[in-house]
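# Coordinate analysis (summary)
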Amino acid sequence: MDTGRYRVEPGATLDLTDHDPADRALFDGDKDAGRKETRDLNKRLEELQELLYAEAKHKILIVLQAMDAGGKDGTIRHVFDGTNPQGVKVTSFKRPTPRELAHDYLWRVHRHTPGAGQIAIFNRSHYEDVLVVRVHDYVPPERWQRRYRHIVEFERLLAEEGATIRKFFLNISKEEQKERFQSRLDEPHKRWKFAKGDLAERRHWDGYMRAFEAAISKTSTETAPWYVIPANRKWYRNLVISKILVETLEGLGMSYPDPEEELDGVVIA
Ligand code: ATP
Ligand code: MG
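A brief structural summary.

### Notes on helix 10 (residues 234-250)
The end-to-end C-alpha distance of helix 10 is 24 Å, a good match for the 24 Å that 17 residues give at a rise of 1.5 Å each. Among the 17 residues of helix 10, 13 are classified as buried, and the element is accordingly described as predominantly covered.

### Overview of the site of ligand 1
If you check the shell around ligand 1, you find 13 residues, and the closest are K94, R108, R124, E128 and D129. Compared with its free state, where it exposes 640 Å², ligand 1 has 81% of that area covered by protein. Contributions of two or more residues to the shell around ligand 1 are made by helix 2 (72-79) and helix 5 (132-135).

### A few points about the packing of aromatic side chains
For any pair of aromatic rings, geometry is given as the distance between the ring centres together with the angle between the planes. In the structure shown here, the tally under the stated rule is nine aromatic pairs. Centre to centre, the rings of W144 and Y148 are 6.4 Å apart; their planes meet at 85 degrees, and the pair counts as edge-to-face. One end of the pair, W144, and the other, Y148, are both in helix 6 (residues 141-160), four residues apart, so they sit about a helical turn from each other. Under the relative-accessibility criterion, W144 is labelled buried at 10%. On the accessibility criterion, Y148 (6% relative accessible area) is buried. Here a set of aromatic residues connected by ring pairs shows up, and it is made of Y6, F27, W235 and Y236. Looking at K218, its charged tip hangs above the ring of Y148, at a distance of 5.4 Å from the centre.

### Thoughts on the pairing of strand 4 (residues 119-123)
Of all five residues making up strand 4, five are buried, and the element is well covered by its neighbours. Here strand 4 shows two buried faces, one formed by I119, I121 and N123 and the other by A120 and F122. Examined bridge by bridge, strand 2 (residues 59-66) and strand 4 share five bridges and lie parallel to one another. Directly across from L61, in strand 4, lies its bridge partner A120. Across five bridges, strand 3 (residues 88-92) lies against strand 4 in parallel orientation. Considered in strand 4, the bridge of K89 is made with A120.

### Side note on a nonpolar patch on the surface
Together, L263, V266 and I268 give the surface a local cluster of nonpolar side chains, amounting to about 330 Å² of exposed area. Inspection of the secondary structure assignment puts I268 in the segment after helix 10.

### A look at the sheet that holds strand 1 (residues 7-8)
Pairing in this open sheet of six strands is mixed, and the strands run 1-6-5-2-4-3 from one edge to the other. Edge positions in the sheet fall to strand 1 and strand 3, since each has one partner strand and no second. Summarising the sheet, strand 1 and strand 6 (residues 226-230) pair through two bridges and their orientation is antiparallel. Bridge pairing in strand 6 links V8 to W226.

What counts, and where the lines are drawn
Residues numbered from 1 in each chain as written. Chains lettered and ligands numbered in written order. Predicted model: local features only at pLDDT ≥ 70, side-chain atom pairs only at ≥ 80, totals over all residues. Heavy atoms only, no water. Helix = DSSP H or I, 4+ residues; strand = E, 2+ residues; numbered from the N terminus. Expected span 1.5 Å × (residues − 1). Buried < 20%, exposed > 50% of the residue type's maximum accessible area, 1.4 Å probe, protein only. Near = heavy atom within 4 Å. Areas by Shrake-Rupley, 256 points an atom, 1.4 Å probe, with all protein chains shown as cover. Phe/Tyr/Trp six-rings, centres within 6.5 Å; stacked < 30°, edge-to-face > 60°. Lys NZ or Arg CZ within 6 Å of the ring centre and 35° of its normal. Pairing = 2+ DSSP bridges. Patch = residues over 30% accessible without salt bridge, like charges linked within 9 Å, V, L, I, M, F, W, Y side chains within 5 Å. Salt bridge = Lys/Arg side-chain N within 4 Å of Asp/Glu carboxyl O.

As structure tokens, then:
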């Protein structure tokens, strides 16, 4: 499975019209086979996360961005199913509070970055400050334009201090969003997920696509690459992200720390 297909190469200019949200080119089987494969990857991820935690050396930062109903929550639920909650922390970035707004936009983000042995998952992130903020002119252009550079530098700092960063844009089509919104409205126990404001954002779809293209093009780097994940099919999205994470962790060459000396032959009385 060549997951490089979805990686945005540093310096490349992303055109989302070249990315089919329904693509499934890396997997021949059907949905059931895809789910089975994801379960196998889950098991592997579980082992690798335990190793990460035991070794307590590497830090993993995963950034998830998507349009509303893009599947951030479902991705977290499925891909990290079975991992140890002690070593995995999810932070959901909502509208900034007045206190957060009184600081620079990275202030609230930095303290949620992963410590040694931890996986930090960002459900939305500092990228909101060049996405929603840009689409709605919350700050003047000269301010958000500088942020791409800040973000590249911030992520470089994290990487140089030991973080491994992977960023995922869950790419759904406008039609798929419509269907997901409608099913949230039609099913009583899903209605809580629907906010009227989501419809207002949907009207800015094209603006968001331009903002995503710019953000991803300007901030995909060797050490903090972006992946554009086809996300219309949930099972395929989970499969590809699981695969990328397993490959990433395997690439770290981790090993369990040596036990204390002279444990051989110790018998507990
Ligand atoms: P759900 O999938 O459950 O709806 P969500 O991530 O959409 O989860 P919400 O509380 O519905 O959570 O929405 C959070 C809102 O906060 C989003 O509209 C997002 O754009 C906004 N937001 C996040 N960060 C910022 C920011 N820095 N500036 C302005 N708005 C932000
Ligand atoms: Mg929402």
